[in-house]
Amino acid sequence: MYGGGVHAGKLDHAIPIRAASIRGQLRFWWRIVFGGKLDSQAMFAREAAIWGGIGRSGPTASRVRVRVQSEPVRDVDRQAAPNKPQAKHGYAFGPAMIGKTEQWLLKADYPFLLKLRYAREIAAEVEETLRWWAAFGGIGARTRRGFGAVRIDQVVPRSAAEAIEAVSIAGGWLCLGSDTHDSAEKAWKAAVDRLWRFRQQGVGRLDAERPGRSYWPEADQIRRFTRRNDNHRHDPVHAAKNVFPRAAFGLPINFQFKDRNDPHDSVLLPAGTAERMASPLILRPYWNGKAWLAAALLLPGWRDALEQPLRFKSGHDVPAHWPKDEVSRAAVAKLISPMKTADGSLRGTDPLTAFMQFFLEKP
């Protein structure tokens, strides 16, 4: 678990698991499972009626009481580990890893007791929400990359086929790896490894051992914007233009160039005043009742991320970063090698679909 305390990104050694954090997670997963079935006004009214909030008649208290019993973190060497940039699978941290070498992580297999009290008439919604949180949610920061994943012994998990169907009915997309793992950590690392390979390593970069010209088009597009190309040694060569496919995986994205006459470091953000866009992709270990599987989940509404307008922190606005019509998407996807298989067929006509297909391929 990364963070989880009162202060962002910090482990609270006295109260490592906070009831307020779990209540917030349950509220989020209720929206995913039940909110999409209602119009916005009805959703907010129902949400406030169950989880509390500000309604037309004023503030209402949550009808779900959440209590946590856990032991303080006393044995740091046994229960926690330093967050170091060289830590294996640190890619899952993203920008959260940068410059935070003094943070501590709560190690896996930390036990705690969760107690919920709720009225019988809302039991079905609360218990289904709990099932989704146990399957795909977590505690603390970076839960969409698998940190803080929980397993609840009293919740009977769905089989792989049942989970895939339930997610599809809710409007999402779930892919589960075919390999089984004897620990949650191994399954989580397998899931993170797939994203790393798709975005960074051999699939997404010409030389896996030495960073070089990327198979993705964003860096060359920045060179076109800025007209900086290291005295023509790095002239833009990527055939896909005016697209930023990896933005669909979440924002911000930091682009760094190493040569003096290359573009200055750039930060890609959502258009407007927002500083981030949460990733629609969740990577996580999934417990099917017998073993752990690597899981990749696209949340309902994931296609909206493909049409998010963008801007650079420097002020340059960017239109929607991926074509809207299917024909144009296919034409651009054919120019981006990570979105194609070894035989040249498309994994998908958008970057998220292509990743989900890549996730299911044998490593």
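Residues numbered from 1 in each chain as written. Predicted model: local features only at pLDDT ≥ 70, side-chain atom pairs only at ≥ 80, totals over all residues. Heavy atoms only, no water.

## Quick word on unusual backbone geometry
Here is step 1 of the chain: For the peptide bond that leads from L251 to P252, omega is 10 degrees, which places it in the cis range.
Here is step 2 of the chain: Secondary-structure assignment places P252 in the loop between α7 (218–226) and β8 (253–255).
Here is step 3 of the chain: Unusually for a residue other than glycine, D109 sits at a positive phi of about 70 degrees.
Here is step 4 of the chain: Under the relative-accessibility criterion, D109 is labelled exposed at 78%.
Here is step 5 of the chain: The phi angle at R142 is positive, at roughly 60 degrees, despite the residue not being glycine.
Here is step 6 of the chain: Residue position: R142 is located in the loop between α4 (123–136) and α5 (160–169).
Here is step 7 of the chain: On the basis of relative accessibility, which here comes to 29%, the residue R142 falls in the partly exposed class. (Helix = DSSP H or I, 4+ residues; strand = E, 2+ residues; numbered from the N terminus. Buried < 20%, exposed > 50% of the residue type's maximum accessible area, 1.4 Å probe, protein only.)

## Quick word on the side chain of R145
Here is step 1 of the chain: Locating R145 in the fold gives a position in the loop between α4 and α5.
Here is step 2 of the chain: Despite its burial, R145 pairs with no opposite charge; the closest candidate is E218, at 13 Å N-O.
Here is step 3 of the chain: A polar contact is formed between the side chain of R145 and the backbone oxygen of L281, at a distance of 2.7 Å.
Here is step 4 of the chain: Beyond its immediate chain neighbours, meaning those up to four positions away, R145 contacts A92, W188, V192, L195, F249, S279, L281, I282 and L283. (Lys, Arg positive; Asp, Glu negative; His and termini not counted. Salt bridge = Lys/Arg side-chain N within 4 Å of Asp/Glu carboxyl O. Polar contact = N/O pair within 3.5 Å; in protein donor to acceptor, adjacent residues only side chain to side chain. Contact = heavy atoms within 4.5 Å.)

## A closer look at the sheet that holds strand β9 (residues 266–270)
Here is step 1 of the chain: A sheet is described by the order of its strands in space; here four strands give the open sequence β8-β9-β12-β13, paired in antiparallel fashion. Two strands close off the open sheet at either side, each with one partner strand: β8 and β13 (317–318).
Here is step 2 of the chain: Strand direction decides the pairing type here: strand β12 (residues 310–312) and β13, joined by two bridges, are antiparallel. Across the sheet, L310 pairs through a bridge with V318, a residue of β13. (Pairing = 2+ DSSP bridges.)

## Notes on the sheet that holds strand β10 (residues 281–287)
Here is step 1 of the chain: Ordered in space as β7-β11-β10, the three strands form an open sheet in which the pairing is antiparallel. Looking at strand neighbours, the two that pair on one side only are β7 (173–181) and β10, the edges of this open sheet. Within the sheet, the average angular offset between the axes of one strand and its neighbour, ignoring direction, is 20 degrees.
Here is step 2 of the chain: Packing of helix α9 (residues 351–360) onto the sheet brings it into contact with β7, β10 and β11 (292–298), and relative to β7 it is tilted by some 20 degrees. (Axes fitted to C-alpha atoms, helices over the stretch in contact; angles between N-to-C directions.)

## Describing the environment of F249
Here is step 1 of the chain: Relative to the helices and strands, F249 resides in the loop between α7 and β8.
Here is step 2 of the chain: A sequence separation of 56 residues divides F249 from A305, and the C-alpha atoms of the two residues are 7.8 Å apart.
Here is step 3 of the chain: Setting aside its immediate chain neighbours within four residues, F249 contacts R145, L195, F198, R199, S279, P280, L281, P351, L352 and F355.

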